[in-house]
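Survey of secondary and tertiary structure
Chain by chain, the residues:
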Amino acid sequence: MINTKKISTDHALVHIGYQAFAGIIYGFSIYVLMQRGFNSAIAGYSLALANLLSLIIQPIVSNFLDRSKKISLFEMIVITSLLILVFYLISNFAKDGSVFFFIVFTLAVGCFSSIEPLFNTIYTIFNNNGIDIKFGKARAFGSASYGIICVLFGFLSESFSYISILIGGSIFALFLVTVSLIIRKDFYKADKHPVEIETSETVSFVEFVKNNKRYMLLCLFLTGIFYGYLATDNFTILVVENLGGNSKDNGLILGIKALLEAVAVFSIGKIRKHIGLEKLLVFASLCFILKSFTIYSATSLSTVYFAQIIQMFSFAMILPSMVEYADVKLPTNVAVRGQAFFTMTIGLGSVLSSLFAGSIINAYGVKTSNLVALIVTIISVIGFILTLLIGNYGKKK
């Protein structure tokens with residue numbers, strides 16, 4: 001008999017482990033890189049390369065899993081989590097400011113960024129095999145763990161230096177390997193075999209773009225929106241230090257943001273019962289402008305703390321809404337590909353923001369970078385809303 005409750009618990013642990021390590025990687029990478037001898041521009045290049053590596057790895061892995069008869073999704077998750085652990089541990093002992101450290105740290109972040117789609121697919125596979133593992137609750141617990149870890153290591157790094165982050169990262173990388181092995185065991189213990197998910201393999205990239213120009217235009221503007229968002233989010237520590245704060249404040253801000261996101265994830269279903277999809281997307285996109293303006297105009301840390309409240313109405317709302325939008329508006333045979341393109345906009349926005357924002361901060365300062373982020377956000381949101389509201393898709397096929 002399949003123990004659905006245990007599998008749901010283990011699946012929640014996967015998200016808790018992933019988001020805990022994400023708190024270390026995404027919350028403190030810039031801080032760690034700068035503590036270890038790099039300036040903001042080089043630190044940004046590391047994150048840009050890591051995200052670019054992730055964008056390259058994801059389709060390769062997906063294609064490999066489609067063709068491979070020996071390695072399943074669960075084996076690939078274990079292999080990737082092991083690579084993350086190895087690269088991260090090696091980076092801890094590499095010489096500060098060295099090319100070798102830059103390479104192995106970038107590889108660790110790149111592998112980690114590429115594992116999220118694999119974790120998200122776990123739900124689809126279990127669900128297709130008739131096992132309901134409560135994805136929303138697992139994701140919410142994950143967001144909560146992200147917030148707690150950011151707060152905890154913000155305090156620890158300020159009290160005991162960045163070494164605490166390296167130790168914590170190593171522990172959670174090991175935990176990630178452990179939960180990957182557990183969820184793999186759960187699946188095979190249930191004596192199930194991955195059900196093939198309908199994809200859009202028969203539709204070429206050119207054909208998809210040709211038949212879904214409006215959706216691709218939305219993705220283009222979303223890339224700009226995510227650039228503006230991540231140009232401040234990836235460099236939160238520098239925004240905080242520019243206003244007189246420290247690593248502890250950085251951790252608290254990131255923690256508050258993550259915990260509010262968890263509230264939004266729990267609430268999105270109820271909100272959708274009262275607000276139409278397009279209206280919710282318009283509202284969420286406008287909130288990106290509001291948050292970007294709040295960060296740019298901030299003269300104290302209290303304003304930055306306040307800006308995190310807007311996070312639950314912007315980024316946290318637009319993620320599930322765009323997934324639903326692709327599912328509802330695109331033809332069934334290309335809906336999965338449409339969701340993949342949306343996911344890529346986040347990765348591309350992170351690449352561009354890491355590449356350019358770090359360089360702008362290094363050359364002209366945080367305020368200038370935040371101004372550029374605000375301008376890009378305003379232009380992108382206007383384009384996104386006009387594209388969203390003008391015309392219609394017609395009936396889904």
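See above for the structure.
The text that follows walks through the structure, step by step, so that each part is easy to find.

Thresholds, definitions, all that
Residues numbered from 1 in each chain as written. Predicted model: local features only at pLDDT ≥ 70, side-chain atom pairs only at ≥ 80, totals over all residues. Heavy atoms only, no water. Helix = DSSP H or I, 4+ residues; strand = E, 2+ residues; numbered from the N terminus. Rg over C-alpha atoms; globule rule 2.2 N^0.38 Å. Buried < 20%, exposed > 50% of the residue type's maximum accessible area, 1.4 Å probe, protein only. Contact = heavy atoms within 4.5 Å. Areas by Shrake-Rupley, 256 points an atom, 1.4 Å probe, with all protein chains shown as cover. Salt bridge = Lys/Arg side-chain N within 4 Å of Asp/Glu carboxyl O. Phe/Tyr/Trp six-rings, centres within 6.5 Å; stacked < 30°, edge-to-face > 60°. Patch = residues over 30% accessible without salt bridge, like charges linked within 9 Å, V, L, I, M, F, W, Y side chains within 5 Å. Axes fitted to C-alpha atoms, helices over the stretch in contact; angles between N-to-C directions. Parallel < 35°, antiparallel > 145°, perpendicular 65-115°, else oblique. Left-handed = near helix turned anticlockwise from the far one by under 90°. Nonpolar A, V, L, I, M, F, W, Y, C, P; charged D, E, K, R; others polar. Core = buried A, V, L, I, M, F, W, Y, C linked by side-chain atoms within 4.5 Å.

In terms of helices and strands, the protein chain carries 15 helices and zero strands. Compactness check: the protein chain gives a C-alpha radius of gyration of 20 Å against a globular reference of 21 Å for 397 residues, within 12% of the reference. Each principal axis of the C-alpha atoms in the protein chain carries an extent, and together these give about 55 × 50 × 35 Å. Relative to its full complement of 397 residues, the protein chain shows a buried share of 52%. Sequence-distant contacts in the protein chain: of pairs separated by 6 or more residues, those separated by 24 or more amount to 84%. Here the protein chain displays about 17700 Å² of accessible surface, and carbon together with sulfur accounts for 67% of that area.

Within the structure shown, the criterion is met by seven salt bridges. Residues Arg 184 and Glu 75 are paired through a salt bridge, measuring 2.6 Å at the closest nitrogen-oxygen approach. Of the two residues, Arg 184 sits in helix H6 (residues 163-189) while Glu 75 sits in helix H3 (residues 73-93), which places them 109 residues apart along the sequence. Classification of Glu 75 by relative accessible area gives buried; the value is 18%. The structure contains a network of salt bridges with shared partners spanning Lys 6, Asp 10 and Asp 186.

For the rest of this paragraph, the subject is the packing of aromatic side chains. Enumeration according to the criterion identifies 14 aromatic pairs in this entry. Aromatic ring contacts, followed pair by pair, group Tyr 18, Phe 21, Tyr 26, Tyr 88 and Phe 112 into a single cluster.

Here we take up a nonpolar patch on the surface. Together, Leu 49, Leu 52, Ile 56 and Ile 60 make up an exposed nonpolar region whose accessible area comes to about 360 Å². Counting through the fold element by element, Ile 56 comes out in helix H2 (residues 40-67). According to the relative accessible area criterion, Ile 56 is partly exposed, its value standing at 47%.

Taken N-terminus to C-terminus, the directions of helix H10 (residues 247-272) and helix H13 (residues 315-329) make an angle of 45°; their axes are 9 Å apart at the nearest point. Looking at the two axes, H10 sits oblique to H13. H10 and H13 meet at a crossing whose hand is right-handed. Here Glu 261, Ala 264, Ile 268, Ile 271 and Arg 272 of H10 lie close against H13, whose contacting residues are Phe 315, Ala 316, Met 317, Pro 320, Ser 321 and Glu 324. Its residues assigned to classes, the contact of H10 with H13 comprises seven nonpolar, one polar and three charged.

The subject of this paragraph is the side chain of Thr 236. Inspection of the secondary structure assignment puts Thr 236 in helix H9 (residues 236-242). Using a relative accessible area of 8% as the deciding quantity, one classes Thr 236 as buried. Not counting chain neighbours up to four residues away, the residues in contact with Thr 236 comprise Asn 250, Ile 253 and Leu 254.

Let's shift gears to unusual backbone geometry. A positive phi angle, near 80°, is found at Ser 161, a position not held by glycine. Within the secondary structure, Ser 161 is located in the loop between helix H5 (135-160) and H6.

Attention now moves to the packing of helix H11 (residues 277-297) against helix H15 (residues 366-389). For any two helices packed against each other, one specifies the crossing angle of their axes together with the interaxial distance. Axis separation between H11 and H15 bottoms out at 9 Å; the angle between their running directions is 165°. Relative to H15, H11 is oriented roughly antiparallel. The crossing of H11 and H15 is left-handed. Where H11 approaches H15, its residues Glu 278, Leu 281, Val 282, Ser 285, Leu 286, Phe 288, Ile 289, Ser 292, Phe 293, Ile 295, Tyr 296 and Ser 297 are matched on the opposing element by Lys 367, Asn 370, Leu 371, Ala 373, Leu 374, Thr 377, Ile 378, Val 381, Phe 384, Ile 385, Leu 388 and Leu 389. Split into classes, the residues belonging to the contact of H11 with H15 amount to 17 nonpolar, five polar and two charged.

Looking now at the nonpolar core. Ranked by size, the top nonpolar core spans 77 residues in total, and within it Tyr 88, Phe 112, Ile 122 and Phe 126 carry the most contacts. Judged by nonpolar contacts, the second largest core, of 35 residues, contains Ile 225, Ala 264, Ala 284 and Leu 388.

So, about the side chain of Asn 212. In this structure, Asn 212 sits in the loop between helix H7 (205-211) and helix H8 (213-233). Taking the relative accessible area as the measure of exposure, Asn 212 reaches 5% and is therefore buried. For Asn 212, the residues in contact, after removing those within four places along its chain, are Leu 330, Pro 331 and Val 334.

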